Amino acid sequence: MNLPFPAVLRRLSRSPMIDVFMLLALGAGIGTVFVSGSQGIGYNWQWYRIPRYLWTIDAGDLIAGPLVHGLLVTLQLSAYSLVLALAIGLTAAVLRLSHSPLASLLARIYVELMRNTPLLIQIFFIYFVLGPLLGLDRLPAALLSLSLFEGAYIAEILRSGILSVPHQQVEASYSLGLGTYATYRKVILPQAFRTALPPLASQTISLVKDSALVSTIAIYDLTMHAQAIIAETFLTFEIWLTVAALYLMITIFLSLAAGALEQRLKLP
C-alpha cells in the first residue's frame, strides 16, 4: 500500500536516521570550518603529538599523561564540590521555607549574592581575601568557591521541588504524628528530589564546566595542564580541542546517567 507523500515525510522525520544524518552533517560542517580557518592562518596541525599528553608506555606499563592527571583532579574537585553544594543547597532551601524571618532572609541574601556575582570574582575573593584569614590553601578555596556558587542554584532547584509537593500530604503527615524532621525525610524530600532530578543533573554538568575557572588560582586541573602544555608546545588548537572532547565525554556520561536514573524512578 502506497502511503501519501505527507505521511512518508512524517515517518522519515521520526526516523533515528535523521538524527544521525544531522549529527554527521553538523560534524562535517564544524570540521570544514576548522580546516578552512587553519588554512587561512597557515596553521600546521600536529595531532600525532597529542597521545603522549594523554598516556605513554614505559617498559610495558601504561602511564597517564598530564591531561589525564588534570582530568582526575577535575573529577575529584567536581565530586567533592557536588556533595558539599547539595548539603549547602538543601540547608538554604529549607531555611528559605522556614517560618523564621531571620533564617529566611539570611538564606535569600546568600542565594541572591552567589547567583548574581561572577564565579571568577568569588574564587578570587575567597582565595585572596578569606584564604589568608581562614588559612585556606588553593584546593580548599576552590572547593569552597564552587560549592557556595553551585549551592545557591541547587537551593532554588530544591526549593521549587519542595513546593511542588502537595500541601495536603504535609498536613496528613503531621496529622499522623510525624514531626518536621520526619516529614521532610519521609514525605517531602523523596518527592522533591524526584521532581528536581532533571535540573539537578543540568546543574551538575554546569559544575563540571565551571570547575575550569579554578585554574586561575593555579589549581592543576584539566584546563591548567592544557595551558601549561600549550605554553610549552604551541599546540593551541589540538590541545584545546582535546580538552573540549574530554569535557564533552564527562558531560555526556552525566546526561546518560541522569536519564537512566529518571527512567528508574519512573519520572512522569
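These numbers come from a predicted model, not from an experiment.

**Overview of unusual backbone geometry**
- With a phi close to 65°, Ala218 is a non-glycine residue in the positive phi region.
- For Ala218, the position within the fold is in the loop between α8 (180–210) and α9 (222–233).
- Within the chain, Phe234 stands out as a residue other than glycine whose phi angle is a positive 60°.
- Looking at the element boundaries, Phe234 is found in the loop between α9 and α10 (236–265).
- The exposed category is assigned to Phe234, whose relative accessible area is 61%.

**A look at the nonpolar core**
- Membership of the largest hydrophobic core comes to 17 residues, with the highest contact counts inside it found for Tyr53, Leu67, Leu222, Ile239, Val243 and Tyr247.
- The set of elements that each furnish at least two residues to this core consists of α3 (66–96), α9 and α10.
- No other element matches α10, which puts 5 residues into this core.
- Apart from residues lying up to four places away in sequence, Leu67 is in contact with Tyr53, Leu54, Leu222, Ala226, Ile229, Thr242 and Val243.
- Listed in part, the 12 residues of the second largest apolar core include Leu119, Phe149, Val214 and Ile219.

Rules and cut-offs
- Residues numbered from 1 in each chain as written.
- Predicted model: local features only at pLDDT ≥ 70, side-chain atom pairs only at ≥ 80, totals over all residues.
- Heavy atoms only, no water.
- Helix = DSSP H or I, 4+ residues; strand = E, 2+ residues; numbered from the N terminus.
- Buried < 20%, exposed > 50% of the residue type's maximum accessible area, 1.4 Å probe, protein only.
- Core = buried A, V, L, I, M, F, W, Y, C linked by side-chain atoms within 4.5 Å.
- Contact = heavy atoms within 4.5 Å.

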